[in-house]
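Secondary and tertiary structure notes
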Amino acid sequence: MQVPLLDLKAQYATIKDEVLAKINQVLDSQRCIGGPLIEELEKAIAQLSGCKFAVGVSSGTDALLASLMALNIGSGDEVITTPFTFFATAGSIHRTGATPVFVDINPKTYNIDVSRIEAAVTKRTKAIMPVHLFGQMADMDPIMAVAKKHSLAVIEDAAQAISSAYKGKKAGQMGTCGCFSFFPSKNLGGIGDGGMVVTNDEKFNHQLVLMRNHGMEPKYYHHFVGGNFRLDPIQAAALLVKLPHLDNWSQARRNNAAYYDKKFKGTPVMTPYISPDCVSIYNQYVIRVPKRDEVVKHLQASGIGCEIYYPVPMHLQKCFASLGYKAGSFPEAEKACREVMALPIYPELTDEMQDYVAQTILNFVS
Ligand SMILES: *Cc1c(COP(=O)(O)O)cnc(C)c1O
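Quantities reported herein were computed from a predicted structural model and do not represent experimental measurements.

Thoughts on the site of the ligand
Neighbouring the ligand are 15 residues; G60, T61, Q160, S181 and K186 lie closest to it. The separation between a nitrogen atom of the ligand and a polar side-chain atom of D157 is 2.8 Å. Residue K186 places a side-chain N or O atom 2.8 Å away from an oxygen atom belonging to the ligand. Starting from 380 Å² of accessible surface for the ligand in isolation, the protein chains cover 93%. Of the residues belonging to the shell around the ligand, the class tally is five nonpolar, eight polar and two charged.

So, in structure tokens, the structure goes:
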């Protein structure tokens, strides 16, 4: 049996006609930049996230970068974040000229260890950038408390966590802003690159709207140097067709996660820990196993897709060598990099496929 890590064709087959019709709407109108579909998507995602405003942007990476720029964060500033994330989190901080300051992770949730954040705050700290990794939100209450005490902005990297919840609040709702990615492998994936920033802060929203379009208002009058961070209306068309399915797809992922959890109970496979405060959208189902690299090889040889998110923590990336961190700086993040692996969890996965994945792992580790 072949079980891919993700099967986008299975999902597309269920919505193909609608997607094509909506894309045709854009083509027939020839509103190829901005336009009503972008606004419709922004409204819908603001509402979904419990936010007043949403700004469509060109990618999740640009959502983070434009948000930092809109907060005027740059050279000489520090932003506190996690070393166990996709590169864009730390990369966007660095690209503004600011310095990413890493804090180790909580080994149960893989999210930033909130008990260590305050010790990392200095006079230069301007913001905290928590990441809601694998679809589960970070422990936001203590993060917001430190932010309030030291007057810091909070940029939620919610690229993997659209519509995820913490104590009844949605990803992006509690911080200064929340950043989503529509990369095709995210729970709400476009047909190319795309992203969105949600916020309840009117002033920040205005800055971001200008930042997305070269700091321009009105046309050809530039208040500051922004960029072209615009979302493509063809992406908005596809995303508007997919959005009504998002809750069902995330629920199907939770059901699949529960099915794996049962299979792995009482075995050497450590299943994901979801805090009772959180509802995860399981962008990834990440386990810890002994002899991880051998298990990965065994699964690949058995026709099963799996992936290591992430093999190298940010503080040990070559491009950040000048920050001066060493092996041992963040032991929990480093340990996670050695032990974790992600299994197929996409909504269309069948019980038979999951049985095969679980059995193949258990045959090896038991
Ligand atoms: C996917 C991802 C991003 C970047 O999103 P893109 O749309 O690929 O630019 C940023 N942060 C995290 C945690 C991600 O998973």
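There is more to say, and it comes next.
Thoughts on the packing of helix α3 (residues 36-48) against helix α8 (residues 233-242)
Between α3 and α8, the shortest axis-to-axis distance is 8 Å and the interhelical angle comes to 45°. As judged from the angle between their axes, α3 and α8 are oblique. Relative to α8, the crossing made by α3 is left-handed. Across from L37, I38, E40 and L41 in α3, the residues of α8 making contact are P233, A236, A237, L239 and L240. Class assignment for the residues of the contact of α3 with α8 results in eight nonpolar, no polar and one charged.

Digging into the sheet that holds strand β6 (residues 165-166)
Taken in spatial order, the three strands make up an open sheet running β7-β6-β10, and their pairing is antiparallel. Of all strands in the sheet, those with a lone pairing partner are β7 (169-170) and β10 (278-279), marking the two edges. Pairing analysis gives two bridges linking β6 to β7, with the strands arranged antiparallel. By the bridge assignment, A165 is partnered in β7 with K170.

Some words on the pairing of strand β8 (residues 177-181)
β8 sits mainly inside the fold: five of its five residues count as buried. Burial along β8 is two-sided: C177, C179 and S181 and G178 and F180, pointing in opposite directions, are all buried. Direction of pairing for β8 relative to strand β9 (residues 195-199): antiparallel, over a ladder of four bridges. Following the sheet pairing, C179 is matched in β9 by V197.

Here's the deal with the packing of aromatic side chains
Counting across every chain of the model gives 13 aromatic pairs. Both rings, one in F84 and one in F134, keep their centres 6.3 Å apart while their planes meet at 85°; by these two values the pair is edge-to-face. Here F84 is found in the loop between β2 (78-81) and α5 (88-95), whereas its partner F134 is found in the loop between β4 (125-129) and α6 (140-149), with 50 residues between them in sequence. On the accessibility criterion, F84 (1% relative accessible area) is buried. F134 sits in the buried class, given a relative accessible area of 6%. Relative to F264, the ring of Y260 lies with its centre 5.9 Å away and its plane at 15°, an arrangement referred to as stacked. Taken together, the residues span about one helical turn, with Y260 and F264 both in helix α9 (residues 246-264) at a distance of four residues. The same class applies to Y260 as to F264, namely buried. In this structure an aromatic cluster arises from ring pairing among F84, F86, Y110, F134, Y309 and Y310. A cation sits over an aromatic face here: K108 above Y273, 4.3 Å from the ring centre.

Quick word on the domain arrangement of the protein chain
According to the domain assignment, the protein chain contains domain 1 (8-103 + 110-244) and domain 2 (246-365). Taking only C-alpha atoms, the centre of domain 1 and the centre of domain 2 are 24 Å apart. Between domain 1 and domain 2, the residue contacts involve 39 residues of the former and 33 residues of the latter. Note on domain 1 versus domain 2: buried area summed over both sides is about 3100 Å², and carbon and sulfur give 63% of it.

Focus on the nonpolar core
L41 and I45 are the most contacted members of the largest nonpolar core, which totals 50 residues. At the level of elements, α2 (16-29), α3, α6, β9, α8 and α9 are the ones that each hand at least two residues to this core. Here this core takes six residues from α8, the largest share from any one element. Counting contributing residues per domain, this core is built from domain 1 (8-103 + 110-244) and domain 2 (246-365), each supplying no fewer than three. The contact partners of I45, leaving out residues within four places of it in the chain, are I162, F180, F182, L188, M196, V198 and L243. Residues Y282, V295, L349 and V365 belong to the second largest nonpolar core, which totals 26 residues.

With respect to the pattern of salt bridges
Here the structure, examined in full by the defined rule, presents nine salt bridges. The partner of R212 in a salt bridge is E42, and the shortest N-O contact between them spans 2.9 Å. Of this pair, R212 sits in the loop between α7 (202-211) and α8 while E42 sits in helix α3, and the two are 170 residues apart along the sequence. When sorted by exposure, R212 lands in the same class as E42, which is buried. Residue R116 pairs with D113 through a salt bridge whose shortest N-O separation is 3.0 Å. For R116, a relative accessible area of 46% translates into the label partly exposed. Taking the relative accessible area as the measure of exposure, D113 reaches 15% and is therefore buried. Through salt bridges with shared partners, a single network forms among R288, K335 and E339.

Cut-offs and rules
- Residues numbered from 1 in each chain as written.
- Predicted model: local features only at pLDDT ≥ 70, side-chain atom pairs only at ≥ 80, totals over all residues.
- Heavy atoms only, no water.
- Near = heavy atom within 4 Å.
- Polar contact = N/O pair within 3.5 Å; in protein donor to acceptor, adjacent residues only side chain to side chain.
- Areas by Shrake-Rupley, 256 points an atom, 1.4 Å probe, with all protein chains shown as cover.
- Nonpolar A, V, L, I, M, F, W, Y, C, P; charged D, E, K, R; others polar.
- Axes fitted to C-alpha atoms, helices over the stretch in contact; angles between N-to-C directions.
- Helix = DSSP H or I, 4+ residues; strand = E, 2+ residues; numbered from the N terminus.
- Parallel < 35°, antiparallel > 145°, perpendicular 65-115°, else oblique.
- Left-handed = near helix turned anticlockwise from the far one by under 90°.
- Contact = heavy atoms within 4.5 Å.
- Pairing = 2+ DSSP bridges.
- Buried < 20%, exposed > 50% of the residue type's maximum accessible area, 1.4 Å probe, protein only.
- Phe/Tyr/Trp six-rings, centres within 6.5 Å; stacked < 30°, edge-to-face > 60°.
- Lys NZ or Arg CZ within 6 Å of the ring centre and 35° of its normal.
- Domains from an automatic or database assignment.
- Buried area = accessible area lost by both parts, 1.4 Å probe.
- Core = buried A, V, L, I, M, F, W, Y, C linked by side-chain atoms within 4.5 Å.
- Salt bridge = Lys/Arg side-chain N within 4 Å of Asp/Glu carboxyl O.

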